[in-house]
Amino acid sequence: MSFQKTAGWLDWYAGPAKPTFIVPPGSVDAHCHVFGPGAEFPFAPERKYTPCDASKQQLFALRDQLGFARNVIVQATCHGADNRAMADACRASEGKARGIATVRRSVSDDELQALHDAGVRGVRFNFVKRLVDFTPKDELLEIAGRIAKLGWHVVIYFEAQDLPELWDFFTALPTTIVVDHMGRPDVTKPIDGPEFELFVKFMREHPNVWSKVSCPERLSVAGPPALNGEQAAYRDVVPFARRIVETFPDRVLWGTDWPHPNLKDHMPDDGLLVDFIPHIATTPELQKKLLVTNPMRLYWPEEV
Ligand SMILES: O=C(O)c1cc(C(=O)O)oc(=O)c1
């Protein structure tokens, strides 16, 4: 099948810089996606956007270029609950990728087991309205109860203003919870204002909650973009990410978010995104936790 990209779609950045920051050995890019390729793994009919292709081979080439050892491949919403592209990439990685799936209540135990065998270790619940249709909470709780038995966790994606309304649901989940992109703070608001404080409280009061300190390119308002060798990109996001890394050093993960769906302004150079890391994890100890120890504990516990 051939697909027409959403109007204005920005393709991922070809030929990223070699990062100046050398990541510690065994580093994990804990949030990235594959898109199709559409001809092999068609995009889902219910999708809200149609991306460019971004194949497993291209993802693995990026991993090597950036100096990373492993990936966690998160099911992208353009594939709905059809996990074939993600699972195929995990299987092809020879143990160097784990996956996060999207499933419906109708998923069978055999299907869950097959995903587990491919390397899946969690499911994603998405509350960002421009990306997905609403799924009833009782369906999500039922899924969470089932995947908990496999030792999986739940990844949640939501926007900061929706946390109050979602709080009771999130705190009822029985597994480890991983928040995508710091719960998308509005970085024009004060770092010690009520909105971000609520997110910090969410993590402080719930030791099962982890956060990805990813996506400065999505959250930044003031820039500058990670392009053309910029070594101090997305300065307005730094205090937010740094606060989470320093307050919860054992519950943070980092990912490129390649191939960066739905960016409207610019497509970052992923090499320069890696150079963002030492601004938010400022010591070798914090960097090792963020990039190696934490993701290994969550995704490859049998190796630690
Ligand atoms: O903000 C987004 O548009 C976005 C979309 C998806 C997805 O479509 O799965 O994943 C992300 O991590 C971020």
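Residues numbered from 1 in each chain as written. Predicted model: local features only at pLDDT ≥ 70, side-chain atom pairs only at ≥ 80, totals over all residues. Heavy atoms only, no water.

S.K.: When you look at the site of the ligand in this model, what are you seeing that I'm missing?
M.R.: If you check the shell around the ligand, you find 16 residues, and the closest are Tyr49, Thr77, Arg124, Arg130 and Tyr157. One of the side-chain N or O atoms of Arg218 is found 3.3 Å from an oxygen atom in the ligand. At a separation of 2.9 Å, an oxygen atom of the ligand approaches a polar side-chain atom of Asn262. Against a free-state accessible area of 330 Å², the protein chains account for coverage of 100% of the ligand. In the shell around the ligand, the residues fall into five nonpolar, six polar and five charged. (Near = heavy atom within 4 Å. Polar contact = N/O pair within 3.5 Å; in protein donor to acceptor, adjacent residues only side chain to side chain. Areas by Shrake-Rupley, 256 points an atom, 1.4 Å probe, with all protein chains shown as cover. Nonpolar A, V, L, I, M, F, W, Y, C, P; charged D, E, K, R; others polar.)

S.K.: What exactly am I supposed to notice about the UniProt feature "domain: Amidohydrolase-related" (unreviewed entry) in the chain here?
M.R.: The feature "domain: Amidohydrolase-related" (unreviewed entry), as annotated in UniProt, sits at residues 28-299 in this numbering. Helix makes up 38% of residues 28-299 and strand 13%, whereas the separation of the span's terminal C-alpha atoms amounts to 10 Å. (UniProt positions renumbered as here; feature names shortened; annotations may be inferred. Helix = DSSP H or I, 4+ residues; strand = E, 2+ residues; numbered from the N terminus.)

S.K.: Explain the packing of aromatic side chains to me, please; I cannot follow it from the model alone.
M.R.: Aromatic ring pairs are reported here in terms of the distance separating the ring centres and the angle at which the planes meet. Following the criterion strictly, the structure yields 18 aromatic pairs and no others. Geometrically, the ring pair formed by Trp9 and Phe35 is edge-to-face, given 6.2 Å between the ring centres and 70 degrees between the ring planes. Pair noted here: Trp9 is in the segment before strand 1 (28-32) and Phe35 is in the loop between strand 1 and helix 1 (56-66), with a separation of 26 residues, a long-range link. Looking at Trp9, the relative accessible area reads 12%, which means it is buried. By way of ring pairs, the aromatic residues Phe125, Phe127, Phe158, Trp167, Phe169, Phe170, Phe196, Phe199, Phe202 and Phe240 are connected into one cluster. (Phe/Tyr/Trp six-rings, centres within 6.5 Å; stacked < 30°, edge-to-face > 60°. Buried < 20%, exposed > 50% of the residue type's maximum accessible area, 1.4 Å probe, protein only.)

S.K.: Sorry, what's going on with the sheet that holds strand 3 (residues 97-101) here?
M.R.: Working definition: the strands of a sheet are paired by backbone hydrogen bonds and lie parallel or antiparallel to each other. If you walk across this open sheet you meet the eight strands as 1-2-3-4-5-6-7-8, and the pairing is parallel. Each edge of the sheet is formed by a strand with only one pairing partner; in this case those strands are strand 1 and strand 8 (252-253). By the bridge criterion, two bridges tie strand 7 (residues 209-212) to strand 8 in an arrangement that is parallel. Directly across from Lys212, in strand 8, lies its bridge partner Leu253. (Pairing = 2+ DSSP bridges.)

S.K.: What is the right way to look at the pairing of strand 3 in this model?
M.R.: The two faces of a sheet get side chains in turn, since along a regular strand they alternate between them. Burial analysis of strand 3 places five of its five residues in the buried class, which makes it a mostly covered element. With burial as the criterion, each face of strand 3 is covered, one bearing Ala97, Gly99 and Ala101 and the other bearing Arg98 and Ile100. Both strand 2 (residues 70-74) and strand 3 contribute to a ladder of four bridges, which runs parallel. What sits directly across from Val74, in strand 3, is Ile100. The parallel pair strand 2 and strand 3, bridged by helix 2 (residues 84-92), forms a crossover whose chirality is right-handed. Viewed along the sheet, the connection from strand 3 through helix 3 (residues 109-118) into strand 4 (residues 120-126) turns out right-handed. (Right-handed = clockwise from strand over helix to strand, strands pointing away.)

S.K.: Could you clarify how one ought to interpret the nonpolar core in this entry?
M.R.: Within soluble globular proteins, side chains that are nonpolar tend to cluster in buried spots. Residues Phe125, Ile156, Phe170, Phe199, Val213 and Ile244 are the most contacted members of the largest nonpolar core, which totals 101 residues. Among the elements that make up this core, the one with the highest residue count is helix 11 (residues 284-299) (seven residues). Residues in contact with Ile156, not counting those within four places in the same chain, are Phe125, Phe127, Phe170, Ile177, Val178, Val179, Asp180 and Phe202. (Core = buried A, V, L, I, M, F, W, Y, C linked by side-chain atoms within 4.5 Å. Contact = heavy atoms within 4.5 Å.)

S.K.: So what exactly am I meant to see when it comes to the environment of Asp250 here?
M.R.: Along the polypeptide, Asp250 turns up in the loop between helix 8 (238-247) and strand 8. According to the relative accessible area criterion, Asp250 is partly exposed, its value standing at 36%. Remark: the alpha-carbon pair of Asp250 and Asp29, spanning 221 residues in sequence, is separated by 16 Å. Once residues within four sequence positions are removed from consideration, Asp250 is found in contact with Trp210, Lys289, Asn294 and Arg297. In this structure the side chain of Asp250 is engaged in a polar contact, spanning 2.7 Å, whose partner is the side chain of Lys289.

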